[in-house]
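# Secondary and tertiary structure notes
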Amino acid sequence: MRTRLKVCCIVSVAEARLAIAHGADAVGLVSAMPSGPGIIPDETCAAIARAAPPPVASVLLTSRTEASGVAEQAERIRPSAVQLVDGAASPEAHEALRRLGIHAIQVVHVEDETALPLAQEAARTASAVLLDSGRPSEGVLGGTGERHDWNISREIIAALEIPVFLAGGLTPANAPEAIQRVRPFALDVCSGVRTAGALDPTKLDAFARAMASA
Ligand SMILES: O=C(O)c1ccccc1NCC(=O)[C@H](O)[C@H](O)COP(=O)(O)O
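Residues numbered from 1 in each chain as written. Predicted model: local features only at pLDDT ≥ 70, side-chain atom pairs only at ≥ 80, totals over all residues. Heavy atoms only, no water.

### Describing the overall build of the protein
Basically, it comes down to this: The helix count covers DSSP runs of H or I at least four residues long, the strand count covers runs of E at least two residues long, and both are numbered beginning at the N terminus. Throughout, the radius of gyration refers to the C-alpha atoms, and the reference size of a globule is 2.2 Å times the residue count to the power 0.38. Accessibility here uses a 1.4 Å probe with only protein chains present; expressed as a share of the type maximum, an area under 20% marks a residue as buried, one over 50% as exposed, and anything in between as partly exposed. By definition in these notes, contact holds between two residues if any of their heavy atoms fall within 4.5 Å. Each accessible area value is a Shrake-Rupley result obtained with a 1.4 Å probe; residue values ignore everything except the protein chains displayed when judging cover. Working convention for charge: Lys and Arg count positive, Asp and Glu count negative, and His plus the chain ends are omitted. By convention, the charge on Lys lies at NZ, on Arg at CZ, on Asp at CG and on Glu at CD.
For the protein, the count of helices and strands is eight helices and 10 strands. Computed over C-alpha atoms, the radius of gyration of the protein comes to 16 Å, within 12% of the 17 Å expected from 2.2 N^0.38 for 214 residues, which places it in the range of a compact globule. Once the C-alpha set of the protein is aligned to its principal axes, its extents read approximately 40 × 40 × 35 Å. In the protein, which comprises 214 residues, the proportion classed as buried is 51%. Once local pairs closer than 6 in sequence are excluded, the contacts in the protein between residues at least 24 apart make up 55%. By element, 53% of the accessible surface of the protein is carried by carbon and sulfur atoms, the whole surface being about 9,500 Å². Once the 19 positive and 24 negative side-chain charges of the protein are each reduced to a mean point, those two points are 7 Å apart.

### Notes on the packing of helix α2 (residues 42-51) against helix α3 (residues 67-77)
What counts here: What counts as an axis is a line fitted to C-alpha atoms, over the stretch in contact for a helix, and the angles between N-to-C directions run from 0 to 180 degrees. Any angle that falls under 35 degrees is termed roughly parallel, while one over 145 is termed roughly antiparallel, one within 65 to 115 roughly perpendicular, and all others oblique. Amino acids outside the nonpolar list (Ala, Val, Leu, Ile, Met, Phe, Trp, Tyr, Cys, Pro) and the charged list (Asp, Glu, Lys, Arg) are all regarded as polar, and Gly is one of them.
One can describe the packing of α2 onto α3 by two numbers: an axis separation of 9 Å at closest approach and a directional angle of 50°. Taken together, the axes of α2 and α3 lie oblique to each other. Contacts between α2 and α3 pair Asp-42, Cys-45, Ala-46 and Ala-49 from the former with Gln-73, Arg-76 and Ile-77 from the latter. Considering only residue class, the contact of α2 with α3 consists of four nonpolar, one polar and two charged.

### Some points on the pairing of strand β5 (residues 103-109)
Regular strands show a simple pattern: their side chains alternate between the two faces of the sheet. Inclusion rule: At least two bridges found by DSSP between two strands is the condition for calling them paired. Convention used here: a crossover is right-handed provided that the path from the first strand, over the helix, to the second strand proceeds clockwise when the strands point away from the viewer.
The buried fraction of β5 is high, at six of seven residues. When strand β4 (residues 81-84) meets β5, the two strands line up parallel, connected through four bridges. Following the sheet pairing, Gln-83 is matched in β5 by Ile-105. In terms of handedness, the path from β4 via helix α4 (residues 91-100) over to β5 forms a crossover that is right-handed. Relative to strand β6 (residues 128-132), β5 is paired through five bridges, and the arrangement is parallel.

### Notes on the site of the ligand
The test is simple: The near set for a molecule or strand comprises every residue that places at least one heavy atom within 4 Å of it. Within 3.5 Å is the distance limit for a polar contact, defined as a pair of N or O atoms, with the added protein rule that one can donate a hydrogen and the other accept it, and that residues adjacent in sequence qualify only through two side-chain atoms. Here a cavity means grid points, on a 1 Å grid over the protein atoms only, where a 1.4 Å probe fits yet cannot get out; a pocket means an open set of points with protein on both sides within 12 Å along at least five of seven lines; lining residues are those with an atom within 4 Å of a point. Whether a molecule lies in a cavity or pocket depends on its atoms, and more than half of them have to be within 2 Å of the grid points.
Close contacts around the ligand come from 23 residues, with Gly-38, Asp-132, Gly-143, Asp-188 and Ser-191 the closest. The backbone of Gly-38 places a nitrogen or oxygen atom 2.7 Å from an oxygen atom of the ligand. Contact distances for the ligand include 2.6 Å between an oxygen atom and a side-chain N or O atom of Ser-191. Coverage of the ligand by the protein chains reaches 100% of its 520 Å² of free accessible surface. Among the detected pockets, the ligand sits in the largest cavity.

### Considerations on the packing of aromatic side chains
The condition is simple: In this analysis, rings of Phe, Tyr and Trp, with Trp reduced to its six-membered ring, are considered paired at centre separations within 6.5 Å, and the interplanar angle assigns stacked below 30 degrees, edge-to-face beyond 60, and tilted for intermediate values. Distance and angle both matter: a charge sits over a ring if NZ of Lys or CZ of Arg is within 6 Å of the ring centre and within 35 degrees of the ring normal.
Scanning the model with the defined rule gives one aromatic pair in all. When the ring centre of Trp-150 is taken as origin, the NZ or CZ atom of Arg-147, which lies over that ring, is 3.5 Å away.

### Focus: the packing of α3 against α4
Applicable threshold: Left-handed describes a crossing in which the near helix is turned anticlockwise from the far one by less than a right angle; the clockwise case is right-handed.
One way to put it is that α3 packs onto α4 with a least axis distance of 8 Å and a crossing angle of 25°. Between α3 and α4, the crossing angle belongs to the class labelled roughly parallel. Here α3 runs over α4; the crossing is right-handed. Contacts between α3 and α4 involve Ala-67, Val-70, Ala-71, Ala-74 and Glu-75 from the first element and Glu-92, Ala-93, Ala-96, Leu-97 and Leu-100 from the second.

### Some details on α3
Among all positions in α3, only Ala-67, Gly-69, Val-70, Ala-71, Gln-73, Ala-74 and Ile-77 are buried. Packed against the buried residues of α3 are α2, β3 (57-62), β4 and α4. One or two positions beyond α3, positive phi appears at Arg-78, with a value near 55°.

### Focus on the layout of surface pockets
Note the following rule: Grid points are joined across faces, edges and corners, and a volume is the space filled by probe spheres set on the points.
In this structure, the largest pocket encloses a volume near 310 Å³. The set of elements that each furnish at least two residues to the lining of the largest pocket consists of α4, β5 and α5 (115-122). Partitioned by chemical class, the residues of the lining of the largest pocket number nine nonpolar, seven polar and three charged. Counted as a void, the second largest pocket has a volume near 240 Å³. Lining the second largest pocket we find 17 residues, and of these Ala-57, Ala-81, Ile-105, Phe-165 and Phe-185 sit closest to its centre. Elements supplying a minimum of two residues to the lining of the second largest pocket: β1 (4-7), β3 and β5.

This is the structure we're talking about:
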C-alpha cells in the first residue's frame, strides 16, 4: 500500500496548492498553540480548508481539548479532520466531532514506552493516531523538527488496527528509512520541507521522490 503524505504547517492557499501539486494527500493547518513555528489565524485555516479540493483532506490542528471548544472551532472552520495535539481529548470531544461528520486524529507524543497504552486508548475513539515528538509537559505540542524513538512507533503501529501517521523530524534523507522501518499509514512533515519558514518546492520534490523510492 502506498504511504500517504500529509504536509503540515501550511500558511496560505498558495502553499496548499504547492503541496498538493507535489502529491500531498492532506494539508495541516496549525491554529492557536502555546508555541510553534507554523501557527496561523482561524480565518486563514478556514480559507485554506475551503480551497482544498477533494480528495485532499484539510486537517485543523487544535490545542483545545474540551468538547464545546473543539466543536465550536471545527464547525466554524469546517476541515475534513481535526488533529488533537494536546494529550487525549475527552470522549465528548470525539463524539462532538463525530456528530459534525469530522474525523478526529489523536496525537500521541512518543516520549517513552508509555506511548503504547496511550495510543491504544486513543484508538478506541479516534479515526487515526498521529505519533509526534512533542513534550506536552513543557508546552511543546509539535513542529519540533526532532525524531523520536522509531522502535516504539513501530511497536505501536503493529498493535493498532487504525491508520497511524508518523511525524517528527522527517526529511527527504530519512523518509525511506521511516517507511521501511516503521510502516506508517502516512508521513507527516513540517520543518523538513521548509527553508527560512517557507514551503520549499525543491525539498517537497525531494521528499516525494524519497517516499516513492522506499
Ligand atoms: O508547527 C507548529 O507550529 C506546531 C505547533 C504545535 C503543534 C503542532 C505543530 N505543528 C504541526 C505538526 O503536526 C508537525 O507537522 C509535526 O509536529 C512534525 O513537525 P516537524 O518535526 O517539524 O516535521
